[in-house]
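Commentary on secondary and tertiary structure
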Amino acid sequence: QCQLSGLWRNDQDSLMEISVLRDNGDFQGQYLTRVTLSEGCAQISPLRGAQQQLGEEGWPTFGFTVSWDNFSNATTTFVGQCFVDAGGKETLSTMWLLREAVGSLEEDWKATR
């Protein structure tokens, strides 16, 4: 079974650490993005999420939100599922939506990617 707690690295070399995974599925941690650099340094941002509670078998689904407060006026929400291959390697498969702040309702169309 997948364990979300721990250190994860994505294809863009960003890091996510889930440091607290509670019995009810809530978790928190931090995200170190390498995609958006601020003044040449990677920035750490807090994350909070929840994992679907499963029995002994199955691949849990989860969702979490990262607020890029330190360097951007944006928030990203990730949803995904954890898998384990035949060799025991854990993989998170995710999709994300990023929302940037815009100055007016007329600009709303360009705020989400």
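Residues numbered from 1 in each chain as written. Predicted model: local features only at pLDDT ≥ 70, side-chain atom pairs only at ≥ 80, totals over all residues. Heavy atoms only, no water.

As annotated in an unreviewed UniProt entry, the chain carries the name Avidin and is attributed to Poecile atricapillus. If you open the UniProt record of the chain and go to Subcellular location (unreviewed entry), you find "Secreted". Taken from UniProt, the Subunit (unreviewed entry) comment for the chain reads in full: "Homotetramer." (UniProt positions renumbered as here; feature names shortened; annotations may be inferred.)

For the structure on display, the rule yields four salt bridges. For Asp108, the salt bridge identified is with Arg99, shortest N-O distance 2.5 Å. What makes Arg99 partly exposed here is its relative accessible area of 37%. (Salt bridge = Lys/Arg side-chain N within 4 Å of Asp/Glu carboxyl O. Buried < 20%, exposed > 50% of the residue type's maximum accessible area, 1.4 Å probe, protein only.)

For the rest of this paragraph, the subject is unusual backbone geometry. A negative phi holds for most residues other than glycine; trans holds for most peptide bonds. In this structure, Asp13 is a non-glycine residue whose phi angle is positive, near 70 degrees. Within the secondary structure layout, Asp13 lies in the loop between β1 (6–9) and β2 (15–21). (Helix = DSSP H or I, 4+ residues; strand = E, 2+ residues; numbered from the N terminus.)

Turning next to the layout of surface pockets. In this approach the atoms are scanned with a rolling probe the size of a water molecule, which exposes any empty space left behind. When its volume is computed, the largest pocket comes out at roughly 780 Å³. Residue lining of the largest pocket: 27 residues in total, with Asn10, Ser14, Tyr31, Phe78 and Trp96 positioned closest to the centre. Those elements that provide at least two residues to the lining of the largest pocket are β1, β2, β3 (26–38), β6 (74–84) and β7 (90–100). Looking at which element gives the most residues to the lining of the largest pocket, the answer is β7, with seven residues. (1 Å grid on protein atoms, 1.4 Å probe; cavity = no way out; pocket = protein on both sides within 12 Å on 5 of 7 lines; lining within 4 Å. Points joined across faces, edges and corners; volume = space filled by probe spheres on them.)

Now for the environment of Asn10. With respect to the helices, strands and loops of the structure, Asn10 is situated in the loop between β1 and β2. The sequence separation of Asn10 and Arg34 amounts to 24 residues, and the corresponding C-alpha distance is 9.9 Å. Among the polar contacts made by the side chain of Asn10, one reaches the main-chain amide nitrogen of Ser14 at a distance of 2.9 Å. (Polar contact = N/O pair within 3.5 Å; in protein donor to acceptor, adjacent residues only side chain to side chain.)

Along the chain, Gln51 turns up in strand β4 (residues 41–51). For Gln51, a relative accessible area of 12% corresponds to the buried category. Apart from the residues lying within four places of it in its own chain, the contact partners of Gln51 are Leu4, Leu21, Gly25, Phe27, Pro60, Thr61 and Phe62. (Contact = heavy atoms within 4.5 Å.)

The next thing to look at is the nonpolar core. Counting 17 residues, the largest nonpolar core has Met16, Tyr31 and Phe64 as its most contacted members. Of all the elements in the fold, those that place two or more residues in this core are β2, β3, β5 (61–67), β6 and β7. When near neighbours in sequence (up to four residues on either side) are disregarded, Phe64 contacts Met16, Phe27, Tyr31, Leu47, Arg48, Gly49, Thr76, Thr77 and Phe78. (Core = buried A, V, L, I, M, F, W, Y, C linked by side-chain atoms within 4.5 Å.)

Okay, the pairing of β2 next. Pairing of β1 with β2, which is carried by four bridges, proceeds in the antiparallel orientation. Bridged to Trp8 within β2 is Met16. Two successive antiparallel strands, β1 and β2, enclose a turn made up of five residues, where Asp13 displays a positive phi of approximately 70 degrees. (Pairing = 2+ DSSP bridges.)

Turning to the pairing of β5, a few remarks are in order. Along any regular strand the residues' side chains alternate between the sheet's two faces. Residues Phe62, Phe64 and Val66 of β5 are buried on one face, while the alternating residues Thr61, Gly63, Thr65 and Ser67, pointing to the opposite face, are not. Of the pairings in the sheet, the one linking β5 to β6 comprises seven bridges and is antiparallel in character. Within β6, the residue paired with Thr61 across the bridge is Gln81. Adjacent in sequence and paired antiparallel, β5 and β6 are bridged by six residues.

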